[in-house]
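Given next are the chains, with one letter for each unit.
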Amino acid sequence: MPGRLHPVSIAIRDFAAIFGRMGFGVAYGPELETEWYNFDALNIPPDHPSRDMWDTFWVKTKAGEGRALLRTHTSPVQVRALEKHGAPIRVIAPGKVFRNEATDATHEAQFYQLEGLAVGENISLAHLKGTLDRFVREYFDASAKLRFRPSYFPFTEPSVEVDMWFPAQEKWLEVMGAGMVHPKVLENAGVDPAKYQGFAFGAGIERLLMIKHGIPDARLFHSGDIRFVYGFDEKPV
Ligand code: YSA
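Caption draft 1: Expanded view of the packing of helix H1 (residues 7-21) against helix H6 (residues 205-213). The N-to-C vectors of H1 and H6 enclose an angle of 95°; their axes lie 10 Å apart at closest approach. In terms of their interaxial angle, H1 and H6 are classed as roughly perpendicular. Across the interface between the two elements, Pro7, Val8, Ala11, Ile12 and Phe15 of H1 pack against Ile205, Glu206, Leu208 and Leu209 of H6. For the contact of H1 with H6, the residue count by class is eight nonpolar, no polar and one charged.

Now the structure itself:
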């Protein structure tokens, strides 16, 4: 029986197609990231307690080189994309991220995120809601249910966390953080916050796939489980 692409790779292609139809391009950033892009440019100064939201794998660098780390989220690609292309912009950024944290059924130490960023002259939270609603209707189906909760991220104001109904487990599962891009982030990326606003989100790809396929544990994705290469509906011979 032939193998096939890993579900995460298939999902990333599906996301590019769905968001492509809404005018989003695809951007990539490095997995080995600088402290500036992962934290400081996102309005997270060195001594700010919010840094503790992301348990970080720091990487040794040579004297005078500046600090480097395995990126803890895909949000640094927001700043890199804005620096490269300026505003207005609509882009998604899929990729692997790393966190030095204890694992459980919804937490792995390495996992994939899908970042989204839309910056323009009249963008509001309503556009964020409309874009996410359209995304889940296309990727799941018309019965997909999202729930928005007020939250805090240093790089968005206001900030929300988004839960999605997980039918296989009959519960809400947090799938992403999101909000309106903080003016300081636009400024750090060379974009005039008096002229432009935007929304951004960062979703956990394994969590979206857990809901889509009824997968009970995020740790299965990168465990070599044979069902991930042969498909969940087929039995390997
Ligand atoms: C917020 C605002 C923005 O404007 C843009 C992005 C964001 C999200 C922010 N960068 C972030 O990383 N938030 S988060 O820590 O809550 O993670 C986002 C999503 O990644 C979670 O909702 C969850 O779906 C997934 N996630 C987090 N830790 C995980 C994980 N998935 C698997 N294993 C983990 N350890």
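Next, the rest of the story.
Caption draft 2: Up close: the sheet that holds strand S4 (residues 68-70). Read from one edge to the other, the open sheet built from three strands follows the order S2-S4-S3, with strand pairing classed as antiparallel. Because the sheet does not close on itself, it has two edges, and the strands there are strand S2 (32-34) and strand S3 (58-59). The pairing of S2 with S4 spans three bridges and is classified as antiparallel. Looking at the pairing, Thr34 lines up with Ala68 of S4.

Caption draft 3: The arrangement of the pattern of salt bridges in detail. The tally for this structure, following the rule as stated, stands at twelve salt bridges. Between Arg149 and Glu161 there is a salt bridge, with its nearest N and O atoms 3.7 Å apart. Taken together, the residues Arg149 in strand S7 (residues 146-153) and Glu161 in strand S8 (residues 156-166) connect sequence positions twelve residues apart. Residue classification places Arg149 among the partly exposed residues on the basis of a relative accessible area of 28%. The partner of Arg149 in a salt bridge is Asp163, and the shortest N-O contact between them spans 2.8 Å. In this pair, Arg149 sits in strand S7 while Asp163 sits in strand S8, placing the two residues 14 residues apart along the sequence. Taking the relative accessible area as the measure of exposure, Asp163 reaches 2% and is therefore buried. Beyond isolated ion pairs, a larger network of salt bridges with shared partners links Glu35, Asp40, Arg51 and Arg67.

Caption draft 4: Representation of the side chain of Thr72. By the secondary structure assignment, Thr72 is in the loop between S4 and helix H3 (76-85). In this structure the side chain of Thr72 is engaged in a polar contact, spanning 3.0 Å, whose partner is the side chain of Asn38. Discounting residues that sit within four places of it in the chain, Thr72 has contacts with Asn38, Phe39, Trp54, Asp55, Thr56, Val97, Phe98 and Arg99.

Caption draft 5: Region of interest: the packing of aromatic side chains. Scanning the model with the defined rule gives twelve aromatic pairs in all. Here Phe153 and Phe155 contribute two aromatic rings whose centre-to-centre distance is 5.7 Å and whose plane-to-plane angle is 35°, an arrangement assigned as tilted. Here Phe155 falls in the buried class, since its relative accessible area comes to 6%. Taking the centre distance of 5.0 Å and the plane angle of 55° together, the rings of Phe221 and Phe228 count as tilted. Each member of the pair, Phe221 as well as Phe228, is classed as buried. Members of the aromatic cluster, connected to one another through ring pairs, are Phe15, Phe19, Phe24, Phe135, Tyr139, Phe140 and Phe201. The side chain of Arg67 reaches across the aromatic face of Trp58, ending 3.8 Å from its centre. One cation-aromatic arrangement involves Lys129 over Phe148; the distance from NZ or CZ to the ring centre is 4.9 Å.

Cut-offs applied
Residues numbered from 1 in each chain as written. Predicted model: local features only at pLDDT ≥ 70, side-chain atom pairs only at ≥ 80, totals over all residues. Heavy atoms only, no water. Axes fitted to C-alpha atoms, helices over the stretch in contact; angles between N-to-C directions. Helix = DSSP H or I, 4+ residues; strand = E, 2+ residues; numbered from the N terminus. Parallel < 35°, antiparallel > 145°, perpendicular 65-115°, else oblique. Contact = heavy atoms within 4.5 Å. Nonpolar A, V, L, I, M, F, W, Y, C, P; charged D, E, K, R; others polar. Pairing = 2+ DSSP bridges. Salt bridge = Lys/Arg side-chain N within 4 Å of Asp/Glu carboxyl O. Buried < 20%, exposed > 50% of the residue type's maximum accessible area, 1.4 Å probe, protein only. Polar contact = N/O pair within 3.5 Å; in protein donor to acceptor, adjacent residues only side chain to side chain. Phe/Tyr/Trp six-rings, centres within 6.5 Å; stacked < 30°, edge-to-face > 60°. Lys NZ or Arg CZ within 6 Å of the ring centre and 35° of its normal.

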